[in-house]
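This is what each chain is made of:
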Amino acid sequence: MEKRISGLVGCLVAALVFANTWQGDFVYDDSRAIVSNEDLRPSSSWMDLWSHDFWGTPLDHAGSHQSWRPLCVLSFRLNYFWSGLSPKSYHLVNIVLHSLVTLCFTLLARPLIRRAWIRWIVSLAFAVHPIHCEAVASLVGRAELGAALHTLVALLAYRAHLKARGKRRRRTKETKTTTIIKEDDDDDDEEEEAEAEEEERRIGKKRRRFESLMESTTRAHRNPFENRQSLLSLFIRRVTICCCWSDPLKKIQYRVTSLTSLSSSSTSNNGQKPNRQQGGHHHQQLDDEDGDEFERNRWRNDKKKKKKKKLGDLQPQPQQQQHNGPTDGRKGCAGAYLWASLTAAGSAILWKETGMVAIPLCAVMELIQQFRVGYRPETPSNRQPSDRSNRHHVQENKKSSCSAFGSLALLGAVWAFQIGVRMYMLGGTTASLPWFAAADNPVSRDASLLTRTLTFLHLPAFNFGLLLWPAWLSFDWSMDAVPPISRLSDPRNLATFLFYAVLAVLAGKWLKTIQQQGGCLHKNQQLTATALSLLVLPFLPASNLFFYVGFVVAERVLYMPSIGFCLLLAAGLEKMTDLSKKHTTGKLVPLAVKMCCASTLILWSLRTFQRNGDWSNEEQLYRSGIPINPAKAYGNLAAILAREHRQTEAEHAYRQALAHRPNMAETHFNLALLLQSQGRHQEASSSYLQSIHYRPNLAAAYLNLGLLLSKQQGQYDQAVHWLSACSQLDGSGVRDPQAHRHSQIQALVSWGQLELARGHPETSIQLYKQALRRWPTSVQQFQLVYHSLAEAYQSTGNYLESERWFRTAVDQVQESRQQQHKKHHKRMATVSSRVQQQQQQPTRSDQVAAHLTYARFLAKNASRHDEAEQLFRQAQLMAPTDPAVYMFTGQFLLEASRPREAAESFVRAAHLAPADFEAVFNAATTLREVKELDRAEMFYRQAVQLRPHDVTVYRNLGALLHIKGQWREAEDNYQLALRLVPDDRITLTNLNRLHQLLAGRNKSQQSSSSNISNNSSPASASTQGPPTTTES
């Protein structure tokens, strides 16, 4: 009952403490692992999960992180099917996984810990430990949770396997013993006869001598004063019998006692002392009847009773035998547990690389079990080593050892297979280990062996300090968050020395105690061994001692070692309680220990709850990391502030980050983007150059610098230089290969556009085809290349080739749409409507853009207006709420001399985008042309509100009011236009004519309307008619 309650309470407490992470967002690495990971999208294949790394990069790519975690990515993909990109469902799964890990930890610790209150303390300590915040609150920490869960399941299953195997061995032993006893009972009579004959032969010639000795001893006992040497003779004869007789003394004592009793009774009954002949004859008769034969019979009967009693104890009852089942069932049960353990261990490595420690932990459990239950029989002092029972125990011990060796061999083979598979996924050699930037782990790139040795030896002590007192936590410990130790005089070396010294002393005492106990492990020592294995083995891959990893310290990798830490805490509490009982301290020490543990749990819970709040959003997370890692925290914080258009704060944060660490290329690049958006092009160019200096393969910096220079006068050659350099960069070793290739293709397209603008269409066509051969990274980029090729061929006059590329763009989008429709119908039962909308929206936008561009190309040929109009109508059906579709359709209808239909298209666009000045102004102008003056006036007034400083709006509104006869208001709008542009010729002409109309007020309305200059309204209409917009 206590087992169930403690497990459920641990799960509940773990869920409650981390419940405030449910409202969190995608933070830090979550965006790259989930939001921008194409492996989560239904458009990608399920098989890509097994050939891509955790971030969606192919494992055989030079820039791959080599973090092969297919089950973790699969869980993200299932989350995406469930709720799309809603972070709540992702955080909910993390909370559930942590609760399950807490439950498994409680089940694992319960048999190892003797006292119930310590079990409660340890279970709650693991549930609320603040070091778990990154693993639970950060979604990429799910890999740690899954690996820990499957590792604990493997350990629980293997312990069940050991238990079932022990029961099977005991049952087999009992069955064999029962069979032996039954066979002995069947041949009992033959064995008794053989023993009697052997007894007679063994006595041999000594029998008569001992009988005479017994007779004389008895006679001396009856009358010790018969002669002078009777007492001495009695003593000598007794010593002689004891020394010479090989059988147990109880036979002699029985014989002496019986003879003495008989002599006493004869004397008392007859009142006469029997003579020597009678006494000798009677003794001879008693010896034949009640002597050796009687004792042998009694010995045999006692032996038979013992055998029957043992047989009765070992004989299984019918009900019990039926309940337990045969031995084969026990064997199958143990095999099932072993299979479950190996399966869970194999799944653990598919969650994260640290899962490979599951098999070694099972091997440690096997060794602990052998030292705990391993029977080493000692040879009794009164028996020979060849005794039957001793041989039986020796055989059982050999069978147990063989079974353990077999299990260890199987575990070793499975572990070797796991390592082989992992190395195969790495490419088969250790040379395929992932490449990390120097900023991620700067100590690994240090040239000094002393610095590397001292720093990496200090890291285990530093991590143990985080487990012991997690007061200083950070989202990132890279760069100089942990300063390297380069001198022996560094005071941190003292902490390192004390850490390893304490470990050595404790290990020495532990081994000495085990040696004194004959190599056997008591329960507290089993707990210590399990705790150390769970603390050390999962930490070794991340310790930088055997190979370098991409971080110095990472809190989430301490999730599994914290299991061993909590068990080590339990071992310390057990030892402390045992020592307090040996001293006369009463209940004071245990009470104080419980109070300290309760206070620590409360403090850890509060710290965890507060740390979860830091992980709720990126801004708060990065601000919390400023005291520990200011360079990285300021850089990431500035990116968040720039995204929220808080440019002054963002620039300050960028400057602070570069003040702490000037060689951060990404920070220089982000600062350049911020400066470029503010129009500070010279400073932006300098920042781009700095980012290229510190990271020569940053393709985005080359691209943006080239685009920036292309917009400046006289910088054409420099722009082409940087765009060409971007297209020729080596992509090996980059962090994001897809983004790198996207920048290179974009650089080729931009270079081609520059060549086309300078009148070199053939060169631009070659650049576009080169970009197409590199295989664009998205449908949008494919569309860009296709449209650029079509325009280049159109500029050369090759309209057939131009139409072919336009048509290719439309066909490519339609094919992509059909494929997504097929996948959509297959998963319709599981995908929510919001996810469908997210998946369909980008595809629909690409298809609409392709249709509009192709339609505009066909509209230039009057003979193909019908095809163009059909494409415009298809675009309206595909995107009925896209104002750009109606804008392009209205322009086409206006050019086709269909102004009324064009006006309705512009009005529709203005209703869909009321804040779009072009849509509103075009609607007003075309309505005025079709003589719908009231509606035109409404849209002109709306345009005035959108652009109150545009002279065109006031001029056209004044002309409209002039036509409607609202002369005073028309004059006011003319005056406003002249305030903006005092020498506007059209406005001055219309205003002069308006004044003439006001002077001749007696004239008719018809003449007044005819006096308005044809240049007034048509001039405004023609000058400010529907503008030609750019491509969608």
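Computed from a prediction, not measured in an experiment: that's the story for all the values here.

## Points about the overall build of the protein chain
Along its length, the protein chain carries 43 helices and zero strands. Taking all contacts inside the protein chain whose residues are at least 6 apart in sequence as the whole, residues at least 24 apart take part in 69%. When the accessible area of the protein chain is evaluated, it comes to approximately 52300 Å², of which 57% is carbon and sulfur surface.

## Some points on the packing of helix 40 (residues 967–980) against helix 41 (residues 985–999)
When two helices pack together, you describe them by how their axes are tilted relative to each other and by the distance separating the axes. Running from N to C, helix 40 and helix 41 cross one another at 150°; their axes reach a closest spacing of 10 Å. For the element pair helix 40 / helix 41, the angle class is roughly antiparallel. With respect to the hand of their crossing, helix 40 and helix 41 are arranged in left-handed fashion. Along its contact with helix 40, which presents Trp967, Arg968, Ala970, Glu971, Tyr974, Gln975, Ala977 and Leu978, the element helix 41 presents Thr987, Leu988, Asn990, Leu991, Leu994, His995, Leu997 and Leu998.

## Observations regarding the pattern of salt bridges
If you walk through the whole model with that rule in mind, you get 37 salt bridges. Arginine 422 serves as the salt-bridge partner of glutamate 353, at 3.3 Å between the closest nitrogen and oxygen. In this pair, glutamate 353 sits in the loop between helix 14 (327–351) and helix 15 (358–373) while arginine 422 sits in helix 16 (residues 388–425), placing the two residues 69 residues apart along the sequence. Since its relative accessible area comes to 18%, glutamate 353 is described here as buried. For arginine 422, a relative accessible area of 8% gives the class buried.

## A look at the confidence of the model for the protein chain
This prediction gives the protein chain a mean pLDDT of 77; 72% of its residues lie at or above 70. Across residues 373–390, where pLDDT falls below 50, the model places 17 contacts with residues more than four positions away in sequence or in other chains.

## Concerning the side chain of threonine 925
Tracing the backbone shows threonine 925 in helix 37 (residues 917–929). Only 3.4 Å separates the side chain of threonine 925 from the side chain of tyrosine 940, close enough to count as a polar contact.

## Here's the deal with the nonpolar core
Where a protein is soluble and globular, its nonpolar side chains tend to be buried together. Counting residues in hydrophobic clusters, the biggest one holds 122 residues, and the most contacted among them are Leu789 and Phe939. Discounting residues that sit within four places of it in the chain, phenylalanine 939 has contacts with Val907, Ala910, His911, Val920, Ala923, Ala924 and Leu927. Residues Phe81, Val122, Ala143 and Ala147 belong to the second largest nonpolar core, which totals 99 residues.

## Regarding helix 34 (residues 865–878)
With 14 residues, helix 34 extends 20 Å from end C-alpha to end C-alpha; this agrees with the ideal 20 Å at 1.5 Å per step. Looking at helix 34, one finds that the buried residues are Ala868, Glu869, Leu871, Phe872, Ala875, Gln876 and Met878.

## Describing a nonpolar patch on the surface
Taken together, the side chains of Leu457, Tyr500, Leu503, Leu545, Phe546 and Phe547 make up a nonpolar region of the molecular surface, amounting to roughly 560 Å² of accessible area. Of note, phenylalanine 547 is situated in the loop between helix 19 (523–536) and helix 20 (561–582). When its relative accessible area of 39% is taken as the criterion, phenylalanine 547 is described as partly exposed.

## So, unusual backbone geometry
A positive phi angle, close to 55°, is found at tyrosine 28, a residue other than glycine. Its location among the elements puts tyrosine 28 in the loop between helix 1 (2–17) and helix 2 (30–35). In this structure, lysine 931 takes a positive phi of about 70° despite not being glycine. Topologically, lysine 931 is positioned in the loop between helix 37 and helix 38 (933–946).

## Considering the environment of serine 31
Counting through the fold element by element, serine 31 comes out in helix 2. Using a relative accessible area of 28% as the deciding quantity, one classes serine 31 as partly exposed. Along the primary structure serine 31 and tryptophan 55 are separated by 24 residues, whereas in three dimensions their C-alpha atoms are 10.0 Å apart. Setting aside anything within four residues of it in sequence, one finds serine 31 in contact with Phe26, Ser36 and Glu618.

## A few points about the packing of aromatic side chains
In this structure the tally under the stated criterion is 24 aromatic pairs. Seen from their ring centres, tyrosine 702 and tryptophan 722 are 5.7 Å apart, and the 55° between their planes marks the pair as tilted. Placement of the pair is tyrosine 702 in helix 27 (residues 699–710) and tryptophan 722 in helix 28 (residues 716–727), with a sequence separation of 20 residues. For the pair tyrosine 702 and tryptophan 722, a shared accessibility class is recorded, and that class is buried. Clustering of aromatic rings is evident, with ring pairs tying together Phe26, Phe54, Trp55, Phe76 and Tyr90. Over the face of the ring belonging to phenylalanine 54 we find arginine 69, whose NZ or CZ atom lies 4.9 Å from the ring centre.

## Quick word on the packing of helix 23 (residues 630–643) against helix 24 (residues 647–660)
It is the contact of helix 23 with helix 24, at a shortest axis distance of 8 Å, that shows an interaxial angle of 160°. Judged by the angle between their axes, helix 23 and helix 24 are roughly antiparallel. Pair helix 23 / helix 24 crosses with left-handed handedness. Residues Pro630, Ala631, Tyr634, Gly635, Ala638, Ala639, Leu641 and Ala642 of helix 23 form the contact with helix 24, whose own contacting residues are Glu649, Ala650, Ala653, Tyr654, Gln656, Ala657 and His660.

## Things to note about the environment of leucine 988
Mapped onto the elements, leucine 988 comes out in helix 41. The exposure class assigned to leucine 988 is partly exposed, which follows from its relative accessible area of 33%. When the C-alpha atoms of leucine 988 and alanine 977 are compared, they prove to be 9.6 Å apart, with 11 residues separating the residues in sequence. Ignoring any residue separated from it by four or fewer positions in sequence, one finds leucine 988 in contact with Leu978, Pro982 and Asp983.

## Focus: helix 26 (residues 681–694)
Look at helix 26: 20 Å from first C-alpha to last across 14 residues, which is about the 20 Å you get at 1.5 Å a residue. Taken residue by residue, helix 26 has Ala684, Ser685, Ser687, Tyr688, Ser691 and Ile692 as its buried positions. Axial view of helix 26: buried residues confined to an arc of 165°, hence all on one face. When the buried face of helix 26 is taken as reference, the exposed residues oriented beyond 90 degrees from it are Gln682 and His693.

## Considering the environment of leucine 457
Mapped onto the elements, leucine 457 comes out in helix 17 (residues 449–468). According to the relative accessible area criterion, leucine 457 is partly exposed, its value standing at 34%. Along the chain, leucine 457 and tyrosine 500 lie 43 residues apart, while their C-alpha atoms are 9.4 Å from each other. Residue contacts for leucine 457: discarding those within four places in its chain leaves Thr496 and Tyr500.

What counts and how
- Residues numbered from 1 in each chain as written.
- Predicted model: local features only at pLDDT ≥ 70, side-chain atom pairs only at ≥ 80, totals over all residues.
- Heavy atoms only, no water.
- Helix = DSSP H or I, 4+ residues; strand = E, 2+ residues; numbered from the N terminus.
- Contact = heavy atoms within 4.5 Å.
- Areas by Shrake-Rupley, 256 points an atom, 1.4 Å probe, with all protein chains shown as cover.
- Axes fitted to C-alpha atoms, helices over the stretch in contact; angles between N-to-C directions.
- Parallel < 35°, antiparallel > 145°, perpendicular 65-115°, else oblique.
- Left-handed = near helix turned anticlockwise from the far one by under 90°.
- Salt bridge = Lys/Arg side-chain N within 4 Å of Asp/Glu carboxyl O.
- Buried < 20%, exposed > 50% of the residue type's maximum accessible area, 1.4 Å probe, protein only.
- pLDDT = per-residue confidence, 0-100.
- Polar contact = N/O pair within 3.5 Å; in protein donor to acceptor, adjacent residues only side chain to side chain.
- Core = buried A, V, L, I, M, F, W, Y, C linked by side-chain atoms within 4.5 Å.
- Expected span 1.5 Å × (residues − 1).
- Patch = residues over 30% accessible without salt bridge, like charges linked within 9 Å, V, L, I, M, F, W, Y side chains within 5 Å.
- Phe/Tyr/Trp six-rings, centres within 6.5 Å; stacked < 30°, edge-to-face > 60°.
- Lys NZ or Arg CZ within 6 Å of the ring centre and 35° of its normal.
- Arc of directions from axis to C-beta.

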